[in-house]
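Each chain, letter by letter, is given below.
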Amino acid sequence: MDPSTGQIGKNAIPDALLRRGQRILLEAEAFVRERCPAVEVTTQEAEGAPAPALRELAKGATEVVVGRCGLGGFNDLLPGSVSVDLAGRATCPVVVVSGELRPVYEEVVVGVNTSSVCEPALAYAFEQARLRGATLRAVHALAPGAAHDMDEVHDRLEALRKEYAQVTVIEDVRSEQPVDALADASESADLLVVGSHGLGTVGSRLFSSVSRGVLFQARCPVVAVHSWRPPASGRS
């Protein structure tokens, strides 16, 4: 290990591990080429711990996709795990996917509230619904007894409805804990979108309890969005 960087050099990695990693890359490339021949595929070996290496690569990416274990994959979502680290710190959207095979429901779910953190997530969710030809379910949930400012939430949705006129939107207001509401909605969704503060190291440790809980409990792929820029055309 290089003491100045904390990274493991290739010379310190056993040949068997290097060969295994290269084999995994070749298999992944072959799989994508078979499933999506029109997609350009490249592979890259990176040194060091997975989370920092992926964060570095994600700086120039549109989004980054990582896998996690199934519903019992608790270790993948502990503080310091790759999934939580990226979701809390990457600057581009982070998609966390489990290996569970699911039917297509033609619905995208997004968590929406009065915080500005949800704005990039909401815009990303509208775009995903447009691309998929899916309905968008905007879930606004607060614990029982808490005040609901539905006017502000409605205004956020209306602003994007004008840009995405072809997207059908369901405003789903629930009087329950946000994690429970979003996890329930994910049962019949193809994608669940949540906002991320993206506050660096401290933000990763204090990664929203709602977002962390959703990563663990959701039944469908989850996208954590810190910042996102919509395409210049094709929305209407």
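Residues numbered from 1 in each chain as written. Predicted model: local features only at pLDDT ≥ 70, side-chain atom pairs only at ≥ 80, totals over all residues. Heavy atoms only, no water.

Some remarks on the pattern of salt bridges
Tallied over the full model, the rule gives 14 salt bridges. Residue Glu100 is joined to Arg219 by a salt bridge in which the shortest nitrogen-to-oxygen separation is 2.7 Å. On the criterion of sequence distance, the pair formed by Glu100 in the loop between strand E2 (94-97) and strand E3 (107-111) and Arg219 in the loop between helix H8 (209-217) and strand E7 (222-225) is long-range, its members being 119 residues apart. Residue Glu100 is classed as partly exposed on the basis of its relative accessible area, which comes to 33%. In this structure Arg219 comes out as partly exposed when scored by relative accessible area, which is 23%. Among the ionic pairs, Glu127 bridges to Arg130, the shortest N-O distance being 2.8 Å. Here the residue Glu127 and the residue Arg130 both occupy positions in helix H4 (residues 118-132), the gap between them amounting to three residues, near one helical turn. The network of salt bridges with common partners includes Glu107, Arg137, Asp172, Arg174 and Glu176. (Salt bridge = Lys/Arg side-chain N within 4 Å of Asp/Glu carboxyl O. Helix = DSSP H or I, 4+ residues; strand = E, 2+ residues; numbered from the N terminus. Buried < 20%, exposed > 50% of the residue type's maximum accessible area, 1.4 Å probe, protein only.)

A short note on the packing of H4 against helix H5 (residues 150-163)
One way to put it is that H4 packs onto H5 with a least axis distance of 11 Å and a crossing angle of 40 degrees. It follows that H4 is oblique to H5 by the angle criterion. As for how H4 packs across H5, the hand of that crossing is right-handed. Residue-level inspection shows Cys118, Glu119, Leu122, Ala123 and Phe126 of H4 in contact with H5, the latter providing Arg156, Leu157, Leu160 and Arg161. (Axes fitted to C-alpha atoms, helices over the stretch in contact; angles between N-to-C directions. Parallel < 35°, antiparallel > 145°, perpendicular 65-115°, else oblique. Left-handed = near helix turned anticlockwise from the far one by under 90°. Contact = heavy atoms within 4.5 Å.)

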